[in-house]
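# Observations on the model geometry
Read off the chains here:
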Amino acid sequence: MNSRALYDKLAPLLRPLALPYAFFMARRRRMYERGVLSSFMPRCPCVAVGNIAWGGTGKTPFTAWLLDWAGQRGLRAVVLTRGYGGNPGRQPLLVRPDTPPEQSGDEPLMLARAFPEASVLAFPQRSESARYAQNQLDPDFFILDDGMQHLGMGRHANIVLLRPEDLEEQWNRVIPAGSWREGASALASASVFAIKADEAEFARLAPVAEKRLAAFGKGLFSFTLAARGLRPLLIRKSSQTRNTSPPLLDSHEYQDRPYILVSGVGNPAQAEASARALMGRPPLQHFAFADHHPYSTADVQAIVKLSAAPLPVICTAKDAVKLQRFGKDWGNVPVWVMETELRFGPSLFCQTGFPQWWENWWEAQRGTG
């Protein structure tokens, strides 16, 4: 019996243990809402991108979309992130393109490299990061990464990301009986919902979404992550500047070729699906490491040994910031980084798509600022 099947079998026995945890989390949220516990409310708009469950829901790609939107409008965006997997120190760390990933964490470094016009601050106490940013960076708005449960930091909107299973078998299954961090009552704090699902899956989920979410009166927007191309992992040092990145490879160079996939992400199946769509075939082997995996020389040597042909190796952008340091260990193996983009699809409970909803929300914030 695999671990998932065993967990599902034990879940009914664990539900009594989930009740006190859900009660505690609900009480904690009410204390913040009533002002019994204080939170720091920034002067400029702040939007939290979070989820009700643990696991990969697409928070970082969603944050990247918001940063791209801000960059196109010349807005100074600041990302407030815990810096999971890193060690920022005793004060907020302003992540730069050359910050070691073991200090910043992989996702903050990836964002800092992809969006040099933004500021990425890594520190567990994100209200302290916000205070620092207000004094030093003059932000136009904040993005609170993984912020749904980080209630010590105030926000003006909650974007709550869901997985299809959150509407189905995982609905209201709170830790330790399931993957939810809070009970379903916490969803009332959402300003909007978003779910990673293609058009066909979203249509399949529509009836259960009506049943579960309609009462909250908030829009539900679908989105997907699509691979748009590959770029080389290893580039000349002279071109590794803050404002440049290597161009995408010609698609004729890689499509329909055998390859090896390497990922250390929350949803390895999503990474494999994106690679399969891009390459036109599944990988010969998928090295699926744990989320935020700290790669070692031994890991790279094992991959290179399998790729002795040499077969090209494809990794995610999140893994690239950690694998790039092993330049000489890769030898002659071509290593490519899969670039993805977030694309919005159909919606429920709202007459517009998410980009228009976001524009409307932003204009409303400017009107009340």
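Structure shown above.
Being a predicted model, the structure only gives us computed values, none of them experimental. (Residues numbered from 1 in each chain as written. Predicted model: local features only at pLDDT ≥ 70, side-chain atom pairs only at ≥ 80, totals over all residues. Heavy atoms only, no water.)

### Some points on the overall build of the protein chain
- Each helix and strand in the protein chain was counted, giving 11 helices and 12 strands.
- Here the protein chain has a C-alpha radius of gyration of 21 Å; the compact-globule value for 369 residues is 21 Å, and the two agree.
- For the protein chain, the C-alpha atoms occupy an extent of roughly 60 × 55 × 40 Å along the three principal directions.
- Relative to its full complement of 369 residues, the protein chain shows a buried share of 49%.
- Relative to all contacts within the protein chain whose residues are 6 or more apart in sequence, the contacts with residues 24 or more apart total 75%.
- Accessible surface, the protein chain: about 17,600 Å² in total, of which carbon and sulfur atoms supply 51%.
- Mean positive and mean negative side-chain charge positions of the protein chain (42 and 34 charges, respectively) differ by 6 Å. (Helix = DSSP H or I, 4+ residues; strand = E, 2+ residues; numbered from the N terminus. Rg over C-alpha atoms; globule rule 2.2 N^0.38 Å. Buried < 20%, exposed > 50% of the residue type's maximum accessible area, 1.4 Å probe, protein only. Contact = heavy atoms within 4.5 Å. Areas by Shrake-Rupley, 256 points an atom, 1.4 Å probe, with all protein chains shown as cover. Lys, Arg positive; Asp, Glu negative; His and termini not counted. Charge placed at Lys NZ, Arg CZ, Asp CG, Glu CD.)

### Quick look at unusual backbone geometry
- Put simply, Ile175 and Pro176 share a cis peptide bond, and its omega is 5 degrees.
- Tracing the chain through its elements places Pro176 in the loop between α6 (164–167) and β7 (192–196).
- Of note, Asn172 is a non-glycine position whose phi angle comes to about 60 degrees, a positive value.
- Relative to the assigned elements, Asn172 resides in the loop between α6 and β7.
- The phi angle at His292 is positive, at roughly 65 degrees, despite the residue not being glycine.
- In this fold, His292 is placed in the loop between β10 (285–288) and α9 (297–306).

### Digging into the sheet that holds strand β2 (residues 77–81)
- Read from one edge to the other, the open sheet built from 12 strands follows the order β3-β4-β2-β5-β1-β6-β7-β8-β12-β11-β9-β10, with strand pairing classed as mixed. Every interior strand has two partners, whereas the edge strands, β3 (93–94) and β10, have only one.
- Bridge count for strand β8 (residues 220–232) against strand β12 (residues 335–348) is 11 bridges, and the pairing is antiparallel. Within β12, the residue paired with Ala226 across the bridge is Glu341. (Pairing = 2+ DSSP bridges.)

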